[in-house]
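This is what each chain is made of:
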Amino acid sequence: MNREDGPLMLQGDLTVLLDERHPKADAAREKLSQFADLIKRPGHIHTYRMTPLSLWNAAASQLSAADIIAWLKQYSRYELPLRSISQIRMLAERYGQLMLERSTDGGLLLHGNEVLLQMLSQQSSIRSYLSAGQREGQRAARADCRGLLKQELVRLGYPVVDGAGYRRGEELTVGLRCRIGSGSQFELRDYQEHAVNMFYRADRDDGGSGVLVLPCGAGKTVIGIAAIARLGCETLILTSNVTSVKQWKQELIDKTTLADHEIGEYAASCKQVCPVTIATYQILTYKHQRSDEYAHMKLFQERNWGLIIYDEVHLLPAPVFRMTADLQATRRLGLTATLIREDGREEDVFSLIGPKRFDMPWKTLESAGAIAAAECFEIRVPFAHGDRAAYDNAEARTKARLAGENKEKLETVKWLLSMHPGRQILIIGQYLQQLHAAAAALHAPLLTGELPHQEREKLYKRFKDGEIEVLVVSKVANFAVDLPDAAVAIQLSGSYGSRQEEAQRIGRILRPKRSDNRAWFYTLVTEGTKETEFARKRQLFMLEQGYPYDICCWQPSIGRTVKESPAQIEEAAQ
Amino acid sequence: MNLRDMIDKLSYSQVERFAQSTIWSHMDLEEWMKDSPLALDGVHAAWSKLSGQQCKVLATIVSRFGASPFLEEQLLQEADRGMTGSAYRLGLLSLAEAGIVFIVRKGWGERLYFLPRDMYFHWHRIIYERHTGVKPLAETAAFWSDRVTPPMLSLQLLHTLAELQRSGMKWTAKRLLSKRTIDRSAAHIMIKQCAALDLIFGSSSSPPLIGYPLPLAIVLDLAMRCHLLAAAPAAFFIQEKKLAEWLRLTMEEQEERLLRMVMEQYAVRCPSCAHAAARLSGLPMLQWFEIEIEDASAQHWCEWMADMGWMELAWSEGKQVFRWLVTPWPYERRKAAASDAHNNNQRIAIASDGNIYVPPYASSALRWQMEMIAEREQSESIAVYRMNVRSLKHAAGLGYTPQQIAELLEHASGERLPDLVYADLSSSMNNDALDMQRILNLGSDGSEQRTAALLHDPASCHLYEPIVDFPTGKSLFQGLEETPSNWLNQYRNYHHTTRRELLERALSWRISVKLQCGEDAVSFVPERIETAADGWAVVGYTEKTGDILHMRLEPAMWQEMMLEFPHPH
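Residues numbered from 1 in each chain as written. Chains lettered and ligands numbered in written order. Predicted model: local features only at pLDDT ≥ 70, side-chain atom pairs only at ≥ 80, totals over all residues. Heavy atoms only, no water.

- The name given to chain B in an unreviewed UniProt entry is Helicase XPB/Ssl2 N-terminal domain-containing protein, with Paenibacillus plantiphilus as the source organism.

- As recorded in an unreviewed UniProt entry, chain A goes by the name DNA 3'-5' helicase, listed as coming from Paenibacillus plantiphilus.
- Its UniProt record gives chain A a comment under Sequence similarities (unreviewed entry), which states: "Belongs to the helicase family. RAD25/XPB subfamily." (UniProt positions renumbered as here; feature names shortened; annotations may be inferred.)

This is how it looks when you write it as structure tokens:
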């Protein structure tokens with residue numbers, strides 16, 4: 001095997017390792033991100049993977065297999081495995097072999113190599129969608145099966161370039177404001193503008209549908225709003241929960257010329273259908289009884305939507321996928337922080353929503369100052385005096401709670417608050433009893449699910465306005481809550497090993513700050529308990545995104561943390 | 001049997017006799033005695049000194065028997081027409097006198113001849129230098145492959161030994177490893193049951209006979225032949241000292257030793273595999289060659305080599321192609337590799353999520369330690385390891401402390417261990433590590449040990465005794481003393497009965513006769529005498545301008561005749 005001095009190492013399974021310390025790493029990364037997905041980036045070895053989808057996405061951007069192989073060779077440390085080269089060539093060259101176009105009579109035509117079409121036509125899963133074409137290399141496709149056909153072909157390993165176009169939808173004039181409600185100036189950041197362009201793909205038949213991947217705090221909502229303004233059409237926005245519905249509406253009113261009556265909320269409590277309608281996935285998939293139809297799916301047909309936005313597209317439920325298959329003539333925009341789905345249905349996102357059009361890693365945004373520079377700490381706290389024995393003697397299922405509710409953590413929190421005077425601080429926890437105790441001890445307001453929505457919003461507002469510096473919150477704050485000025489998050493306790501929860505909580509503090517654009521995340525775990533293991537699991541996602549955790553130990557006798565980490569908290573908090 | 005095996009069985013004076021043959025006059029005695037096998041250039045020079053007759057005999061042995069023992073009669077059956085049997089016999093004898101071919105006997109059995117296995121590959125390389133049977137491909141050719149390139153055999157061996165260390169090496173009542181250990185160990189081996197294995201090991205390789213899946217048996221066999229693994233009364237055990245020596249070798253050196261063993265221990269058992277192994281071993285590394293579709297033996301050999309991670313197979317324009325990934329000639333005289341320990345190519349990288357990346361040029365010693373403390377999650381070009389509770393428990397059992405592991409990883413990576421990894425390491429390991437000596441000394445306390453191989457070698461040197469009293473050239477011609485001298489010296493006309501006697505003598509000595517047929521004097525090689533009611537005839541052949549002419553001659557068809565007695569070397 002030849003040895004070269006490159007930053008990339010390609011494995012036989014199409015995984016690519018990037019040595020970040022290498023002088024050519026930046027150049028290699030820039031190329032790599034065009035045809036491989038960043039899987040994780042803990043420390044200086046970052047892992048990318050080329051998948052059929054990533055290679056098709058690259059091919060959609062006019063990158064050829066030869067280009068990709070040449071770049072890999074240029075930056076590779078070792079000789080490229082022949083199997084990988086063969087696979088790259090085979091997969092990338094599949095993109096563009098099949099084209100879907102509109103026929104003169106309004107039907108659909110699938111074009112491709114005749115041998116390939118013959119092979120595919122024999123597949124039982126798509127046989128019924130295709131019929132003989134007028135000439136060799138062409139098949140007539142059923143227009144009502146446009147989505148299903150694309151979905152099945154992707155499953156068979158053959159992506160289709162969909163150039164059959166979209167309907168315009170009902171026109172709606174939407175302008176972006178130059179100055180927002182708070183009086184400050186508003187304009188799209190460069191990467192936001194770029195993301196919208198990548199989605200819209202002016203003058204391209206296959207533009208107007210796809211997915212944009214951006215981290216929390218990068219302004220995905222703003223990009224969605226800019227897409228609505230660019231297309232100027234009635235839009236259906238689907239998102240993950242009611243809080244998020246309200247946030248979308250608030251942002252639309254704040255940043256566009258849309259009036260309140262033009263924006264409808266469609267959730268359990270309120271079902272308005274307006275030119276721009278924001279609905280939750282839950283309401284769309286709601287069934288009174290198991291055997292019932294999805295009553296609210298009719299929303300897709302209630303107006304002549306020109307655009308559907310799928311917020312948090314990685315959470316898109318299966319029934320909505322099925323519905324989306326029938327909506328291929330409508331432009332579709334997916335927004336997410338990660339394309340990785342727990343159910344492995346990334347291919348459906350590709351075939352039904354569209355290819356990935358834009359991707360920006362968290363750390364890149366941090367370097368650009370678009371999100372705050374966050375530091376993460378794990379603080380190991382010993383049990384308060386006498387509680388260790390109780391833990392040791394407890395049953396397994398109560399141990400997690402005892403460790404989570406360790407009273408000594410409160411002392412640690414007090415010390416941390418003293419380290420960050422004048423900062424907006426969130427204290428997040430799992431157990432209500434512990435949160436009540438914390439709120440009382442710190443004289444801070446408490447926000448939990450027990451509080452009515454209106455009260456919660458008031459508290460959020462006071463926190464945003466800076467009236468409150470410390471807010472104690474339960475897990476209700478996990479999802480889509482916009483707390484722009486939180487600079488410090490202290491996690492008192494968390495649910496077992498949820499990576500998503502950890503990411504969401506850190507996401508709360510990543511939004512750019514007005515002052516020094518720094519943020520701190522502390523997770524408190526009880527030393528010598530299962531909680532350290534759970535914490536380790538929770539941290540994986542952030543580690544993979546390039547956020548290392550410094551480990552510190554709480555010393556009750558001196559009332560501060562010690563060692564273990566080169567970066568002392570006191571130093572870091574300056 | 002290798003040249004060294006034979007030298008070890010012979011006395012100094014016997015070996016000295018071989019070395020002093022004029023064929024080896026370009027080499028000094030010490031060189032001949034110590035170098036085994038002899039250097040390729042020395043063998044090349046010897047080849048140029050062989051007579052045409054000797055070359056032909058040696059080439060026949062190489063192509064027909066490889067390194068397998070054979071009887072003189074078998075050689076004569078394989079002999080090409082155009083050279084008499086006596087010439088073959090004398091040629092064989094002269095090769096034995098020069099220490100090229102050796103003569104042995106198995107028990108009370110017949111006299112057997114053979115080429116030492118290592119020397120077989122040398123002679124083959126010289127004889128077939130320009131006839132490898134494969135065509136090189138242009139550098140611009142495009143290749144395609146969906147084959148996974150497995151780790152090279154040295155790594156498969158290391159992973160298997162590490163698994164044995166982890167899973168335990170005790171035998172069951174059937175004197176085999178436990179089913180669980182077999183399954184776990186076999187999972188590290190990428191060798192598949194293939195045509196080459198069928199040809200080499202035949203039906204005796206079926207699991208019921210050897211107790212293990214053949215690929216695992218091969219790896220265990222190689223480990224035992226390398227003295228890394230030995231058998232105690234009720235278990236295998238790893239020979240720590242030998243293993244430490246092995247781990248100090250570079251990967252190239254390990255592959256070279258293993259390839260040589262595979263060629264000399266396994267390939268030679270099947271002449272077609274030996275021939276394929278020998279002719280492909282002279283090719284340059286990393287250059288692509290095309291395999292002819294009808295060249296089944298090369299295809300079989302390449303498939304096996306690819307399973308060992310030594311060769312890469314692919315397709316190019318519909319043709320099967322291959323290239324060596326290691327030096328295919330395992331007899332290179334290389335200088336000791338310069339130690340480039342801890343240069344950037346060998347450094348491991350440790351990510352804060354606990355992944356440990358081990359580069360392809362990491363030392364074997366480091367890889368072994370990684371196997372002892374962490375679990376391998378990926379065995380691609382860059383191996384990926386992770387430490388977990390189970391692996392660290394095993395490490396603790398071997399005597400590793402968290403501090404030792406941290407130091408090992410920091411030394412190997414040249415960097416401070418990430419905090420989270422260190423924290424995990426500390427919390428996962430109990431500090432009550434066992435005494436390392438107790439573990440490592442297992443089996444090396446002088447108790448009964450066997451380091452024999454696992455797979456039976458049908459041509460093992462232990463089965464044969466060398467014969468050093470060579471027959472003289474004349475002794476090959478029984479009845480020479482009683483033969484009338486004019487039969488040998490005078491070209492005369494004889495009575496038909498005497499003509500038949502001369503021919504019978506020529507047949508028993510496998511020599512030719514000179515016959516005057518009309519105007520022409522021909523050298524005729526008799527093959528048999530046919531007797532009929534009205535007389536007899538001799539069937540044989542003669543060579544005319546390179547062509548063999550078959551003839552059936554009745555005694556009246558020639559006039560003068562004489563025996564053509566060959567002159568022994």
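1. Re the interface of chain B and chain A
Working step 1: Taken together, the contacts link 36 residues of chain B with 37 residues of chain A.
Working step 2: Between chain B and chain A lies a buried interface of about 3,100 Å² when both sides are counted; carbon and sulfur atoms form 49% of it.
Working step 3: Looking only at chain B, the three residues that lose the most surface to chain A are Asp353(B), Tyr361(B) and Leu420(B), adding up to 19% of its buried area.
Working step 4: Where chain B packs against chain A, one counts 2 salt bridges.
Working step 5: Here Arg323(B) ties to Glu79(A) by a salt bridge, and the two come within 2.5 Å at their closest N and O atoms.
Working step 6: Our enumeration of links across chain B and chain A arrives at 9 residue pairs in polar contact (both at pLDDT 80 or more).
Working step 7: It is helix α21 (residues 419-428) of chain B that provides the largest number of residues to the side of chain B that touches chain A, a total of 4 residues.
Working step 8: Tallied by class, residues from the side of chain B that touches chain A come to 17 nonpolar, 7 polar and 12 charged. (Contact = heavy atoms within 4.5 Å. Buried area = accessible area lost by both parts, 1.4 Å probe. Salt bridge = Lys/Arg side-chain N within 4 Å of Asp/Glu carboxyl O. Polar contact = N/O pair within 3.5 Å; in protein donor to acceptor, adjacent residues only side chain to side chain. Helix = DSSP H or I, 4+ residues; strand = E, 2+ residues; numbered from the N terminus. Nonpolar A, V, L, I, M, F, W, Y, C, P; charged D, E, K, R; others polar.)

2. Observations regarding the sheet that holds strand β1 (residues 102-105) of chain B
Residue and element names in this part refer to chain B.
Working step 1: Read from one edge to the other, the open sheet built from 3 strands follows the order β2-β1-β13, with strand pairing classed as antiparallel. In this open sheet, the two edge strands, each paired with only one partner strand, are β2 (111-114) and β13 (465-466).
Working step 2: Note: β1 against β13, 2 bridges, orientation antiparallel. Counterpart to Arg 105 in the pairing with β13 is Glu 465. (Pairing = 2+ DSSP bridges.)

3. Describing the domain arrangement of chain A
Working step 1: Along its sequence, chain A is organised into domain 1 (3-92), domain 2 (98-158), domain 3 (190-360) and domain 4 (366-573).
Working step 2: Centre-to-centre, using C-alpha coordinates, domain 1 of chain A lies 32 Å away from domain 2 of chain A. (Domains from an automatic or database assignment.)

4. Some words on the pairing of strand β12 (residues 383-386) of chain B
Regular strands place their side chains on alternate faces of the sheet.
Residues and elements named next belong to chain B.
Working step 1: Pairing of strand β10 (residues 355-358) with β12, which is carried by 4 bridges, proceeds in the antiparallel orientation. Paired with Asn 355 across the two strands is Arg 386, which belongs to β12.
Working step 2: As defined by bridge partners, strand β11 (residues 375-379) adjoins β12 across 4 bridges and the pair is classed as antiparallel. Note on β12: the bridge partner recorded for Glu 375 is Arg 386.
Working step 3: Turn length for the β11-β12 hairpin, with the two strands adjacent in sequence and antiparallel, is 3 residues.

5. A word on the nonpolar core
Working step 1: In terms of nonpolar packing, the biggest core is built from 183 residues, with Ile100(B), Trp123(B), Trp301(B), Trp304(B) and Phe322(B) touching the most fellow members.
Working step 2: Discounting chain neighbours no more than four positions away, the residues touching Phe322(B) are Val134(B), Leu280(B), Leu283(B), Gln287(B), Trp288(B), Phe289(B), Ile291(B), Cys302(B), Met311(B), Glu312(B) and Leu313(B).
Working step 3: The next biggest cluster of nonpolar side chains, apart from the first, holds 65 residues, and it includes Leu252(A), Val276(A), Leu333(A) and Ala423(B). (Core = buried A, V, L, I, M, F, W, Y, C linked by side-chain atoms within 4.5 Å. Buried < 20%, exposed > 50% of the residue type's maximum accessible area, 1.4 Å probe, protein only.)

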